[in-house]
Amino acid sequence: MERKLCEHGLRKTRCVDCGGSEICIHKKHKYSCKLCKGTGICVHGKEKYRCKECGGVGICEHDK
């Protein structure tokens with residue numbers, strides 16, 4: 001699959017300057033925007049991947 005790059009050298013969908021489709025009104029990635037309640041944010045207001053309370057996959061057995 002060929003990825004389309006913008007004039008800034010980024011994927012068009014992820015470029016803040018180009019207003020890509022993956023960028024929210026707060027100029028952040030929709031997935032991880034706390035203000036938009038992105039799908040990558042848990043109920044504790046943290047990244048799901050790194051949330052200790054949710055048992056995120058980015059947390060090791062030592063809770064780090």
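Residues numbered from 1 in each chain as written. Predicted model: local features only at pLDDT ≥ 70, side-chain atom pairs only at ≥ 80, totals over all residues. Heavy atoms only, no water.

*Asks:* Even after reading the chapter, I still don't get the overall build of the protein, so can you show me in this structure?
*Replies:* Within the protein, the regular secondary structure consists of zero helices and zero strands. At 15 Å, the protein has a C-alpha radius of gyration far larger than the 11 Å of a compact globule built from 64 residues. By principal-axis analysis of the C-alpha atoms, the protein measures approximately 45 × 25 × 15 Å. Every one of the 64 residues in the protein was classed for burial, and the buried ones make up 20%. Here the contacts in the protein between residues at least 6 apart in sequence split such that 0% fall between residues at least 24 apart. Of the accessible surface of the protein, which amounts to about 5400 Å², a share of 51% is contributed by carbon and sulfur atoms. If you average the places of the 15 positive and of the 8 negative side-chain charges in the protein, the two averages end up 4 Å apart. (Helix = DSSP H or I, 4+ residues; strand = E, 2+ residues; numbered from the N terminus. Rg over C-alpha atoms; globule rule 2.2 N^0.38 Å. Buried < 20%, exposed > 50% of the residue type's maximum accessible area, 1.4 Å probe, protein only. Contact = heavy atoms within 4.5 Å. Areas by Shrake-Rupley, 256 points an atom, 1.4 Å probe, with all protein chains shown as cover. Lys, Arg positive; Asp, Glu negative; His and termini not counted. Charge placed at Lys NZ, Arg CZ, Asp CG, Glu CD.)

*Asks:* Sorry if this is basic, but what is going on with the pattern of salt bridges here?
*Replies:* For side chains of opposite charge, pairing can occur when their charged atoms come near one another. Summed over all chains, the structure comprises four salt bridges. Arg 50 is the partner of Glu 47 in a salt bridge, and the nearest nitrogen-oxygen pair spans 3.4 Å. What makes Glu 47 partly exposed here is its relative accessible area of 36%. Here the salt bridges share partners, and the residues they tie into one network are Arg 11, Arg 14 and Glu 22. (Salt bridge = Lys/Arg side-chain N within 4 Å of Asp/Glu carboxyl O.)

*Asks:* Whenever I open this one, the environment of Cys 33 confuses me. Can you help?
*Replies:* Residue classification places Cys 33 among the buried residues on the basis of a relative accessible area of 0%. A C-alpha to C-alpha distance of 15 Å links Cys 33 and Cys 15, two positions 18 residues apart in sequence. If sequence neighbours within four positions are ignored, Cys 33 has contacts with Cys 24, His 26, Lys 28, Gly 38 and Ile 41.

*Asks:* Looking at this model, I keep getting lost on unusual backbone geometry. Mind explaining?
*Replies:* Despite not being glycine, Lys 27 has its phi angle at roughly 65°, a positive value. With relative accessibility at 59%, the residue Lys 27 sits in the exposed group. Positive phi values are uncommon outside glycine, yet Asp 63 reaches one of about 60°.

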